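For reference, the chains in residue letters:
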Amino acid sequence: MASVPNEAKDAIRITNLVKRFGDFTAIPDLSLSVPPGSFLVLVGPSGCGKSTLLRMLAGLDEPTGGEIAFMGQVVSSGTGGVVADPRMRNAGLVFQSYALWPHMTVAGNIGWPLKVAGWDRAAREARIDEVLGLLGIAALRDRYPAEISGGQQQRVAIARTLAPKPSILLFDEPLSNLDAKLRIEMRSELMRIHRATGATSVYVTHDQVEAMTMATHVAVMNQGRVEQFGPPRDLLARPATTFVATFLGTPPGNLLPATREGDMLVHAGVPLAPAALAGSHDAVQLFYRAEQITIGRAPGRPILTAEFSEAAPMAGKVMVTAATGVLRLSAIVDDFPDARPGDLIELALTGAPDAVFAATGERIE
Ligand SMILES: Nc1ncnc2c1ncn2[C@@H]1O[C@H](COP(=O)(O)OP(=O)(O)OP(=O)(O)O)[C@@H](O)[C@H]1O
């Protein structure tokens, strides 16, 4: 039988993974394959199971069912408990809190996992210098954690994780304790490190921009399920469900419920789009991106009346939020509107809906 070349194997293969905490099922049945060298970002609302999944990948928690394999080798199995313990699975985990050992120097911290793994002194010293160089912190070699800044501590923590050359790197919101400027700097650093090491990475974040800039692949999670998986641009361009459409994007897009009336799809008495877009459905949700909505009238285009809520500058444009009944609409416009909160304004939909979803949330082709 021909053997499968290593390159062809998934770096991470998750099959029918289940995680229960007592009666509560955090992950009902999750399968995902991650190609080698990917930078996978897990996003989703609070409580959707991102950390639970990451902890199982790290070997800190056992799955209740299903299996996790790294490079074709099973490292966790629901029926067999954790197969490989965290140290044996060739994966490194970077947390939000750095947890450096205060009584050890920077070099001591970085060298510790190598010592535990049985590296000899010369190899350890060489590797410490290498990762210090990679992270740009060679000058901090002999300092103690209390003598360096928060950002520098995070670099040391990352250096310590990289030192044993893990083939899989796991990150649980590693930048969330840093200020905005440092976050952006570290984001570029992490991307550079990812390119330099080629390690397959799984990264949990709440930050949309972080997700979209760093990821080669994004998994949008919802209630322990992967709602959609793919390159970030594909997810933004073709969301598979209303959940993904309204979760991704800054600002998120707008969904207008509409029903078939004759040959048009109508929302709140306003005909929006030809009924043919709905296929066989009588009730749908029409997806308009914020940049497809403008303030005022546009010739021949549907107009909605809404209550102005707020306006905020965004990358040279203005993000306007307005409400029609229970719906909140986001528009990207050129100038601040001449309106106060509560004023009625007219919004024009400037193009055809970007996507049409069934009432149940799935995209209609
Ligand atoms: N040890 C536990 N015992 C019981 N329930 C748990 C435990 N750990 C997590 N959960 C539950 O499992 C679900 C998923 O939690 P998890 O921490 O993975 O979510 P998350 O997506 O990482 O959330 P956040 O974005 O807020 O960090 C939540 O409903 C949580 O309450």
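Please read these numbers as outputs of a predicted model, since none were measured by experiment.

A.B. asks: What is the right way to look at the overall build of the chain in this model?
C.D. replies: Of regular secondary structure, the chain possesses 8 helices and 21 strands. Taken along the three principal axes of its C-alpha coordinates, the chain extends 75 × 50 × 40 Å. Counting the 365 residues in the chain, one finds 49% classified as buried. If you take every contact in the chain between residues at least 6 apart in sequence, the share linking residues at least 24 apart comes to 64%. Within the structure as shown, the chain displays about 17300 Å² of accessible surface, and the carbon and sulfur contribution to it stands at 53%. The distance from the centre of the 33 positive side-chain charges to the centre of the 37 negative ones in the chain is 7 Å.

A.B. asks: Got a minute to help me understand the site of the ligand in this structure?
C.D. replies: Residues in close proximity to the ligand include Phe-21, Phe-24, Ala-26, Pro-45, Ser-46, Gly-47, Cys-48, Gly-49, Lys-50, Ser-51, Thr-52 and His-206, which together make up its full environment. Between the ligand and the protein, one listed contact pairs an oxygen atom with a backbone N or O atom of Cys-48 at 3.1 Å. Measuring from an oxygen atom of the ligand, one finds a side-chain N or O atom of His-206 at 2.8 Å. Counting residues per element, the ones that place at least two in the shell around the ligand are strand E2 (24-34) and helix H1 (50-58). Sorting elements by how many residues they give to the shell around the ligand places H1 first, with 3 residues.

A.B. asks: When you look at the sheet that holds strand E16 (residues 293-295) in this model, what are you seeing that I'm missing?
C.D. replies: Backbone-to-backbone hydrogen bonds join strands into a sheet, with any given pair of strands oriented parallel or antiparallel. The 5 strands are arranged E16-E20-E17-E18-E19 in an open sheet whose pairing can be described as antiparallel. Strand pairing shows two members of the sheet lacking a second neighbour, E16 and strand E19 (327-333), which therefore form its edges. Across the sheet, the axes of successive neighbouring strands diverge by a mean angle of 45 degrees, strand direction being ignored. Pairing of strand E17 (residues 303-314) with strand E20 (residues 344-349) involves 5 bridges; the strand directions are antiparallel. Along E20, the bridge assignment pairs Glu-307 with Leu-344.

A.B. asks: Is there a simple way to explain the confidence of the model for the chain in this structure?
C.D. replies: A low pLDDT means the predicted coordinates there should not be read in detail. Across the chain, the average pLDDT comes to 90, with 96% of residues at or above 70. Mean pLDDT values for the elements of the chain range from 67 in strand E6 (residues 81-82) up to 97 in strand E15 (residues 283-288). Low confidence marks residues 1-7, where pLDDT is under 50. Its contacts with residues over four positions away, or in another chain, come to 3 contacts.

A.B. asks: Please clarify how the packing of helix H3 (residues 121-135) against helix H4 (residues 150-162) should be interpreted in this entry.
C.D. replies: In helix packing, the relevant descriptors are the interaxial angle and the interaxial distance, both defined with respect to the helix axes. Viewed as axis vectors pointing N to C, H3 and H4 meet at an angle of 135 degrees, and their least axial separation amounts to 9 Å. It follows that H3 is oblique to H4 by the angle criterion. Crossing hand, H3 versus H4: right-handed. Between H3 and H4, the contacting residues are Arg-127, Val-131, Leu-134 and Leu-135 on the first element and Arg-155, Ile-158, Ala-159 and Leu-162 on the second. Taken together, the residues that form the contact of H3 with H4 break down as 6 nonpolar, no polar and 2 charged.

A.B. asks: Honestly, the pairing of E19 in this entry has me stumped. Any pointers?
C.D. replies: In regular strands, side chains alternate between the two faces of the sheet. Within E19, 6 of the 7 residues are buried, which leaves the element mostly enclosed by the surrounding structure. Bridge count between strand E18 (residues 317-324) and E19: 7 bridges; the pairing is antiparallel. From the neighbouring strand, Val-318 faces E19, where its bridge partner is Val-333.

Scoring rules and cut-offs
Residues numbered from 1 in each chain as written. Predicted model: local features only at pLDDT ≥ 70, side-chain atom pairs only at ≥ 80, totals over all residues. Heavy atoms only, no water. Helix = DSSP H or I, 4+ residues; strand = E, 2+ residues; numbered from the N terminus. Buried < 20%, exposed > 50% of the residue type's maximum accessible area, 1.4 Å probe, protein only. Contact = heavy atoms within 4.5 Å. Areas by Shrake-Rupley, 256 points an atom, 1.4 Å probe, with all protein chains shown as cover. Lys, Arg positive; Asp, Glu negative; His and termini not counted. Charge placed at Lys NZ, Arg CZ, Asp CG, Glu CD. Near = heavy atom within 4 Å. Polar contact = N/O pair within 3.5 Å; in protein donor to acceptor, adjacent residues only side chain to side chain. Pairing = 2+ DSSP bridges. Axes fitted to C-alpha atoms, helices over the stretch in contact; angles between N-to-C directions. pLDDT = per-residue confidence, 0-100. Parallel < 35°, antiparallel > 145°, perpendicular 65-115°, else oblique. Left-handed = near helix turned anticlockwise from the far one by under 90°. Nonpolar A, V, L, I, M, F, W, Y, C, P; charged D, E, K, R; others polar.

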